[in-house]
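A closer look at the structure
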Amino acid sequence: GFPRKPPTQTQVRAGIQWLLHDARPGDTLVFHFSGHGTQVPDENGDEEDGMDEAICTVDLDWRNNMGICDDELRTNLFLACPEGVELVAFFDC
């Protein structure tokens, strides 16, 4: 399995890559995040309220690292999931 390390941005991103790496049609993948969530300024204008939602990693610092936003999760987790693969995601934020 994937090694357990503190949930930094780097580790969460590596975990997503690990999860998707060998996924094949018919597989069911589970992504789970328990921690804090927040809102950060929307950088691409796709949010009506001007804010993206983000999961807070342990290395969050509010200046250079404001968590992993919903746009990144959509692109690198949900849309990156191969066709025919079911993805179940739990967010306890």
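Residues numbered from 1 in each chain as written. Predicted model: local features only at pLDDT ≥ 70, side-chain atom pairs only at ≥ 80, totals over all residues. Heavy atoms only, no water.

Let us now look at the overall build of the protein chain. When helices and strands are counted, the protein chain shows two helices and five strands. Viewed in the frame of its principal axes, the protein chain has a C-alpha envelope of about 40 × 30 × 20 Å. The buried share among the 93 residues of the protein chain stands at 32%. Put simply, 51% of the contacts in the protein chain that link residues at least 6 apart link residues at least 24 apart. Within the structure as shown, the protein chain displays about 6300 Å² of accessible surface, and the carbon and sulfur contribution to it stands at 50%. Side chains of the protein chain give 6 positive and 18 negative charges; the mean places of these two sets differ by 12 Å. (Helix = DSSP H or I, 4+ residues; strand = E, 2+ residues; numbered from the N terminus. Buried < 20%, exposed > 50% of the residue type's maximum accessible area, 1.4 Å probe, protein only. Contact = heavy atoms within 4.5 Å. Areas by Shrake-Rupley, 256 points an atom, 1.4 Å probe, with all protein chains shown as cover. Lys, Arg positive; Asp, Glu negative; His and termini not counted. Charge placed at Lys NZ, Arg CZ, Asp CG, Glu CD.)

Another point: helix α1 (residues 9–21). Note: α-helices contain 3.6 residues per turn, so residues at a spacing of three or four share the same orientation. In this model α1 runs 18 Å from its N-terminal to its C-terminal C-alpha over 13 residues, within 8% of the 18 Å that 1.5 Å per residue would give. If you check which residues of α1 are buried, you get Q9, Q11, V12, G15, I16, L19 and L20. Residues of α1 that are buried make contact with β1 (28–34), β3 (51–55), β4 (68–69), α2 (70–78) and β5 (86–92). (Expected span 1.5 Å × (residues − 1).)

Residues D71, E72, L73 and L77 constitute the buried set of α2. Buried residues along α2 sit in contact with α1, β1, β3, β4 and β5.

Of the pairings in the sheet, the one linking strand β2 (residues 37–41) to β3 comprises five bridges and is antiparallel in character. Bridging across to β3, V40 finds its partner in D52. (Pairing = 2+ DSSP bridges.)

The strand order across the open sheet built from three strands is β2-β3-β4, with neighbouring strands paired in antiparallel fashion. Edge positions in the sheet fall to β2 and β4, since each has one partner strand and no second.

Running from N to C, α1 and α2 point in directions that differ by 30°, and their axes come no closer than 10 Å. Here α1 is positioned roughly parallel relative to α2, judged by the angle of their axes. Residue-level inspection shows R13, I16, L19 and L20 of α1 in contact with α2, the latter providing E72, L73, N76 and L77. Partitioned by chemical class, the residues of the contact of α1 with α2 number five nonpolar, one polar and two charged. (Axes fitted to C-alpha atoms, helices over the stretch in contact; angles between N-to-C directions. Parallel < 35°, antiparallel > 145°, perpendicular 65-115°, else oblique. Nonpolar A, V, L, I, M, F, W, Y, C, P; charged D, E, K, R; others polar.)

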